[in-house]
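The primary structure of each chain is shown beneath.
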Amino acid sequence: MKEITLETKIADLLNNYEGMKDILIKINPKFKKLNNPVLRRTLAKIAGVKQAAIVGGMDPVDLLNQLREAVGQAPVDVTTPKGEVEVEEAPEWILKESKQTLNANEILDEERNPLAELHKALKAIDEGEVITIEADFQPEPLMDEMLKAGHEVFAREVAQDHFIIYIKK
């Protein structure tokens, strides 16, 4: 088996290691979302271990080492730079009225694809307008996809386990 790294995709873990979904859920109950077949077919293919850790509110290296130990690989000694956690100042554009708010949890509960729903919503708005996503986790893979597509993205935890993600077209 290939060595598990911070870049290893969650879908690869699920496909290559027997019982990996249960291991992930045991490590962090927030990973129960992996029971959702849509999430496994879509976001798990683009989310790596590092992004999954952020979604789970964990230190990426801690998750990496727990996964490595679970499959018999030696832990790695990688230090996550502490300076990386600087608080980003909220951009002014998030004050614009949101044209639509998507609830990621509801979309997943209905076994729909959050990324597809977001793309649909973005097609319906004009350049410079904003869409918000609410979730009980920070949807790091989705945010990365939006940045790659050229959109501006800002995330804010407004209460414990309540995130609002702003996306500007």
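Please refer to the structure higher up on the page.
Residues numbered from 1 in each chain as written. Predicted model: local features only at pLDDT ≥ 70, side-chain atom pairs only at ≥ 80, totals over all residues. Heavy atoms only, no water.

Engineer: So what exactly am I meant to see when it comes to the pairing of strand 3 (residues 152–159) here?
Structural biologist: Regular strands place their side chains on alternate faces of the sheet. Across seven bridges, the pairing between strand 3 and strand 4 (residues 162–168) is antiparallel. For Glu-152, the partnering residue across the bridge sits in strand 4 and is Lys-168. If you look at the hairpin formed by strand 3 and strand 4, you'll find two residues sitting between the two strands, and Asp-161 has a positive phi there, around 60°. (Pairing = 2+ DSSP bridges. Helix = DSSP H or I, 4+ residues; strand = E, 2+ residues; numbered from the N terminus.)

Engineer: Just checking my understanding: could you explain the environment of Ala-47 for this structure?
Structural biologist: For Ala-47, the position within the fold is in the loop between helix 4 (43–46) and helix 5 (49–55). For the pair Ala-47 and Asp-12, spaced 35 residues apart in the sequence, the C-alpha separation amounts to 10.0 Å. If we skip the residues at most four places from it in the chain, Ala-47 touches Thr-8, Lys-9, Ile-10 and Pro-141. (Contact = heavy atoms within 4.5 Å.)

Engineer: Sorry, what's going on with the packing of aromatic side chains here?
Structural biologist: For any pair of aromatic rings, geometry is given as the distance between the ring centres together with the angle between the planes. Throughout the structure, instances matching the rule amount to one aromatic pair. On the numbers, 6.3 Å between centres and 40° between planes, the contact of Phe-154 with Tyr-166 is tilted. With Phe-154 in strand 3 and Tyr-166 in strand 4, this residue pair connects regions lying twelve residues apart in the sequence. Taking relative accessible area as the criterion, Phe-154 reaches 5% and is therefore assigned buried. Residue class for Tyr-166 comes out buried when judged on its relative accessible area of 11%. (Phe/Tyr/Trp six-rings, centres within 6.5 Å; stacked < 30°, edge-to-face > 60°. Buried < 20%, exposed > 50% of the residue type's maximum accessible area, 1.4 Å probe, protein only.)

Engineer: Mind showing me how you'd approach the nonpolar core here?
Structural biologist: One broad trend across soluble globular proteins is that nonpolar side chains are buried collectively. Counting residues in each nonpolar core, the largest one holds 45 residues, and the members touching the most others are Ile-10, Leu-24, Val-49, Leu-63, Leu-67, Leu-118 and Ile-167. With residues up to four places along the chain from it excluded, the contact list for Ile-167 reads Trp-93, Leu-118, Leu-122, Glu-129, Val-130, Ile-131, Ile-133, Leu-142, Met-146, His-151, Glu-152 and Val-153. Core analysis: the next-biggest nonpolar cluster, separate from the first, contains six residues, Trp-93, Val-130, Phe-154 and Tyr-166 among them. (Core = buried A, V, L, I, M, F, W, Y, C linked by side-chain atoms within 4.5 Å.)

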